[in-house]
Amino acid sequence: MSSFGNDIKVIVNHNALSYYDEGPNKAPVIIFIHGFPFNKSMWNLQVEALKDKYRVITYDIRGHGKSDAGNDVFTIDLFVNDLINLMETLKIDNAILCGLSMGGYIALNAMGKYQERFDALILCDTQCIADTLEAKEKRIKAIESIRKTGVEKYADESIKNLFASGSFITKKKEISAVREMILKTSEQSLCNTLLALSGRNETCNILSRIKIPVLIMVGKEDKITPPASALFMHERIKDSMLKILENAGHLSNLESPDEFNVQLKRFIASVY
Ligand code: MLT
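Because the structure is predicted, anything quoted here is derived from the model rather than measured.

K.L.:
I'd like a description of the overall build of the chain, backed by residues and values.
P.N.:
A count of helical and extended segments in the chain gives eleven helices and eight strands. Relative to the globule expectation of 19 Å for 272 residues, the C-alpha radius of gyration of the chain, 17 Å, shows essentially globular dimensions. Taken along its principal axes, the extent of the C-alpha atoms in the chain is 50 × 40 × 35 Å. Going through the 272 residues of the chain one by one, you find that 56% of them count as buried. Long-range pairs, those at least 24 residues apart, make up 75% of the contacts in the chain with a sequence separation of at least 6.

Written as structure tokens, this is what we have:
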């Protein structure tokens, strides 16, 4: 049961998820998972670039975008279950999986249990380590600050770290779209996802077991998951490719979309 188009709702794990499904029905499938606290619209430029040749699925992680939050405690494992259930509901046996940051955490966790369902993996601006004690404390402070001063201040503080310095001049439209995505995420979902991120397991131990083709991309000025984190994964995933994108921070697909899409298309074409 699948319908094509924008903003379709489907029940997955007893919760309504919103997704886009574009491109030819029988074409190879590429699934994109967004970062925190954004939504599926962050992949619009990639959907446009791929949808003539591939079936492209993007979805809102529960509590984000137009997906409901549901009643379960947010964990990365729950988000992985949602992904696998979404694939089952849409009758997708195999796909290429692309995740950015939190999307990458979900994708790497999915590799641990469900590698056979994926033909290739694209990891963008992400890392395999768990939160350090310091990172966990920062998440707790962020939760306290969201509760005390609201989402707007949290959005403005987040923006400062998300982008490369040049993007503040050249990518004003994209920055304001990202700010809107953060503002549209409810206070409760922000806090629940911060807890899920802080409680996530490390996935570095599974990197040597990944046997499918892997492309790793990272913005040269990514302050949150820097090129060193990408290099660390690249060195441990056999035959993986690493591309460091100029003029990009943590949101490389938005900040350097042309280069990002060239690498993305080239990689996908090498898989199918
Ligand atoms: C993201 O973009 O998904 C977040 O930066 C991930 C994180 O906070 O660890």
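From this point, the narrative continues.
K.L.:
An account of the packing of aromatic side chains is requested, with residue identities and associated values reported.
P.N.:
Going through the model one piece at a time under the given rule, you end up with four aromatic pairs. Measuring from centroid to centroid gives 4.8 Å for Phe-32 and Trp-43, while their planes differ by 40 degrees, and the two rings are tilted. Of this pair, Phe-32 sits in strand β3 (residues 29-33) while Trp-43 is found in the loop between β3 and α1 (44-50), placing the two residues eleven residues apart along the sequence. Across the pair, exposure class does not vary: Phe-32 and Trp-43 are buried alike.

K.L.:
Account for the site of the ligand, naming residues and giving values.
P.N.:
In the vicinity of the ligand, the residues found are Gly-35, Phe-36, Phe-38, Ser-101, Met-102, Tyr-105, Arg-139, Ile-224 and His-250. Within the contact set of the ligand, an oxygen atom lies 2.7 Å away from a backbone nitrogen or oxygen of Phe-36. Across the complex, the protein chains shield 92% of the 270 Å² of accessible surface that the ligand would expose by itself.

Definitions and limits used
Residues numbered from 1 in each chain as written. Predicted model: local features only at pLDDT ≥ 70, side-chain atom pairs only at ≥ 80, totals over all residues. Heavy atoms only, no water. Helix = DSSP H or I, 4+ residues; strand = E, 2+ residues; numbered from the N terminus. Rg over C-alpha atoms; globule rule 2.2 N^0.38 Å. Buried < 20%, exposed > 50% of the residue type's maximum accessible area, 1.4 Å probe, protein only. Contact = heavy atoms within 4.5 Å. Phe/Tyr/Trp six-rings, centres within 6.5 Å; stacked < 30°, edge-to-face > 60°. Near = heavy atom within 4 Å. Polar contact = N/O pair within 3.5 Å; in protein donor to acceptor, adjacent residues only side chain to side chain. Areas by Shrake-Rupley, 256 points an atom, 1.4 Å probe, with all protein chains shown as cover.

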